[in-house]
Amino acid sequence: MVSTVNTVAFEGIEARLVEVQCAVTPGLPSFSIVGLGDRAVSEAKDRVRSALTAMSIAMPPKRITINLSPADLPKEGSHFDLPIALALLAALDVLPGDELARTVALGELSLDGSLVSVIGALPAAMTAAEEDCQLICPDGCGPEAAWVDAACVIAAPSLLAITQHLNGQSVLSPAEPGEVSKTQSSKDLRDVKGQERAKRALEIAAAGRHHLLLCGTPGSGKSMLAARLPDLLPPLSPAEALETSMIHSLAGLIDDGGISRVRPFRAPHHTASMAAIVGGGRNAKPGEISLAHNGVLFMDEFPEYPRAVLETLRQPIETGDVVVARANAHVKYPCKFMLIAAANPCKCGYMTDPDRACTRAPNCGEDYMGRISGPLMDRFDIRLDVPPVSFMDLDLPANGDSSAEVAKRVEHARAIQSERYRNLPNVRVNADIEGEMLRNYAEPNEAGRDLLAQAADRFGLSARSFHRIMRVSRTIADLSGDPSVTDVHVAEALSYRGV
């Protein structure tokens with residue numbers, strides 16, 4: 001007799017359906033698993049045997065064969081334990097096989113039969129909903145998977161509870177979605193003394209999801225400004241929250257099944273490897289740029305990152321996705337993030353400080369900032385010098401707009417963009433428009449075009465820089481509520497092309 005249960009194998013953020021087939025046939029007693037599984041899958045037979053023993057179910061003295069179909073798809077992870085155990089129980093007539101055929105299951109088994117939470121419950125629930133199947137998972141994964149309304153999610157503490165549920169002895173209730181996590185930040189933009197120009201640049205970057213480079217002496221407030229950016233951004237839309245949570249689910253970053261509406265803020269250290277930033281490793285896991293999808297990637301001490309790591313950012317910044325290609329894996333992750341980089345002007349950090357002049361200027365600055373290649377530098381929409389703050393300014397009381405006030409303007413600008421691009425696929429903010437869309441939505445008036453042409457001729461702007469200035473100008477116009485882009489908006493956008 002052959003019984004079947006469905007489970008999933010992960011390829012990037014996609015969960016591909018896998019059929020777990022179990023055959024119990026006469027022959028010498030054995031337990032084998034075939035179908036291109038990794039070490040964790042091959043060890044599942046020992047965990048399944050111990051779990052069945054804990055339920056007082058004896059393994060039959062026959063040949064047991066588990067096949068994971070399709071056989072040419074790599075299977076990795078301990079979440080295959082539960083579907084293997086259910087398929088075996090169905091083959092032994094302990095469970096009804098017809099109901100299991102329309103079930104997707106995932107979960108790791110302990111030796112006593114209890115279920116351990118695994119990663120990827122949210123993408124698995126999406127696949128179950130598409131296949132019109134119910135999902136069975138550990139109770140720790142239930143609140144996460146239940147966010148997919150179209151799927152019936154049954155979360156259980158143990159294999160015994162699932163057996164009783166499927167046999168109608170003790171029916172389990174469908175899982176409920178977890179709480180929407182709310183993060184309250186105590187960091188306010190008013191805490192930053194001075195730096196009014198940098199605050200304005202931060203507001204523009206938040207409104208249009210523009211990449212921003214802050215360059216200034218140590219202690220001028222670059223990291224302090226970046227830390228206050230999350231409070232300026234609008235909450236994730238339901239579609240964005242689902243996209244982001246699917247990536248975080250695969251990385252095991254969802255706590256208690258709660259899906260956050262707060263945009264992610266990732267701040268890796270400058271010693272991070274290429275696999276950590278871009279993605280990769282043994283299982284081609286998502287990197288920091290994908291974990292920052294729909295949010296912010298803050299890279300402090302930007303020139304200190306290895307040159308190879310910095311260069312790998314060039315393609316994801318342009319396309320909004322990254323393909324992690326390895327010998328045993330080829331997966332694609334989305335990575336539409338806002339890059340905020342902070343850098344000192346030179347190795348010692350004081351080249352631009354008149355009170356503490358660098359002794360090796362200008363070579364020190366040229367060598368240090370030269371670690372950032374021209375093509376990568378060209379991808380920053382806003383490049384701003386952050387001067388040091390005087391002690392007199394530090395003694396002044398807090399002034400300027402609060403984070404809440406700036407966030408309202410940012411949200412209003414984003415609402416304008418959302419309405420403007422509602423009929424354009426994959427375009428949500430001004431940073432996404434390109435090609436003919438720039439001419440249709442970000443073309444400045446005649447005075448603005450003349451000013452932009454003069455700047456392009458005088459400073460030798462590349463086509464990419466030209467277009468990025470148009471995008472920033474469009475965002476500045478949105479913040480001021482102007483339907484068209486004027487020379488005033490273009491002039492302000494041009495002023496942010498320094499450093």
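This text goes with the structure placed above it.
Values in this document were obtained by computation on a predicted structure and should not be read as measured data. (Residues numbered from 1 in each chain as written. Predicted model: local features only at pLDDT ≥ 70, side-chain atom pairs only at ≥ 80, totals over all residues. Heavy atoms only, no water.)

S.K.: I keep staring at the pairing of strand E17 (residues 338-343) and nothing clicks. Help me out?
M.R.: Two faces make up the sheet, and in a regular strand the side chains alternate between them. Of all 6 residues making up E17, 6 are buried, and the element is well covered by its neighbours. With burial as the criterion, each face of E17 is covered, one bearing Met-338, Ile-340 and Ala-342 and the other bearing Leu-339, Ala-341 and Ala-343. Summarising the sheet, strand E10 (residues 212-216) and E17 pair through 4 bridges and their orientation is parallel. Along E17, the bridge assignment pairs Cys-215 with Ala-343. (Buried < 20%, exposed > 50% of the residue type's maximum accessible area, 1.4 Å probe, protein only. Helix = DSSP H or I, 4+ residues; strand = E, 2+ residues; numbered from the N terminus. Pairing = 2+ DSSP bridges.)

S.K.: I would appreciate a short explanation of the sheet that holds E17 in the present structure.
M.R.: Across a sheet, paired strands are connected by hydrogen bonds in the backbone, their directions being either parallel or antiparallel. Here we have 5 strands laid out as an open sheet, ordered E11-E14-E17-E10-E18, and parallel in their pairing. The open sheet has two edge strands, strand E11 (265-266) and strand E18 (382-386), and neither has a second partner. Strands E10, E17 and E18 of the sheet are contacted by helix H8 (residues 196-208), whose axis makes an angle of about 160 degrees with E18. (Contact = heavy atoms within 4.5 Å. Axes fitted to C-alpha atoms, helices over the stretch in contact; angles between N-to-C directions.)

S.K.: Mind showing me how you'd approach the pairing of strand E2 (residues 14-25) here?
M.R.: Relative to E2, strand E1 (residues 2-11) runs antiparallel, the two being bridged by 10 bridges. The partner of Ser-3 across the bridge, within E2, is Cys-22. Counting the residues between successive antiparallel strands, the hairpin from E1 to E2 contains 2 residues, one of them, Gly-12, with a positive phi of roughly 65 degrees. In this sheet, strand E4 (residues 63-69) lies alongside E2 in antiparallel orientation, the contact comprising 7 bridges.

S.K.: Just to check I follow, could you spell out the packing of H8 against helix H21 (residues 463-480) for this structure?
M.R.: Two quantities define a packed helix pair, namely the angle between the helix axes and the distance between the axes. Where H8 meets H21, the closest approach of the two axes is 9 Å, and the angle between their N-to-C directions is 100 degrees. Looking at the two axes, H8 sits roughly perpendicular to H21. Contacts from Arg-200, Glu-203, Ile-204, Ala-207 and Gly-208 in H8 reach Val-472, Thr-475, Ile-476 and Leu-479 in H21. Its residues placed into classes, the contact of H8 with H21 shows 5 nonpolar, 2 polar and 2 charged. (Parallel < 35°, antiparallel > 145°, perpendicular 65-115°, else oblique. Nonpolar A, V, L, I, M, F, W, Y, C, P; charged D, E, K, R; others polar.)

S.K.: In this structure, what is going on with helix H5 (residues 121-130)? I would like to understand it.
M.R.: The α-helix advances 3.6 residues per turn, and as a result positions three or four apart in sequence lie on the same side. The element H5 is largely enclosed, with a buried count of 7 among its 10 residues. Structurally, H5 contributes buried residues whose contacts are with E1, E2, strand E5 (103-105), strand E8 (134-138), helix H6 (142-145) and helix H10 (238-250). Looking one or two residues past H5, Asp-132 carries a phi angle of roughly 55 degrees, positive in sign.

S.K.: Could you clarify how one ought to interpret the side chain of Ser-78 in this entry?
M.R.: Here Ser-78 shows up in the loop between E4 and helix H3 (81-91). Leaving out residues up to four positions away in the same chain, Ser-78 has contacts with Ala-40, Arg-47, Gly-107, Glu-108 and Val-118.

S.K.: Teacher, can you tell me more about the packing of aromatic side chains here?
M.R.: The geometry of an aromatic ring pair comes down to the distance between the two centres and the angle between the two planes. In the structure shown here, the tally under the stated rule is 4 aromatic pairs. When the ring of Phe-265 is compared with that of Phe-298, the centres are 6.2 Å apart and the planes differ by 25 degrees; the resulting orientation is stacked. Of this pair, Phe-265 sits in strand E11 while Phe-298 sits in strand E14 (residues 296-299); the two residues are 33 residues apart in sequence, bridging distant segments of the chain. Residue Phe-298 is classed as buried on the basis of its relative accessible area, which comes to 7%. Ring geometry for Phe-302 versus Tyr-305: centroids 6.4 Å apart, planes at 55 degrees, classification tilted. Overall, the relative accessible area of 0% leaves Phe-302 in the buried class. (Phe/Tyr/Trp six-rings, centres within 6.5 Å; stacked < 30°, edge-to-face > 60°.)

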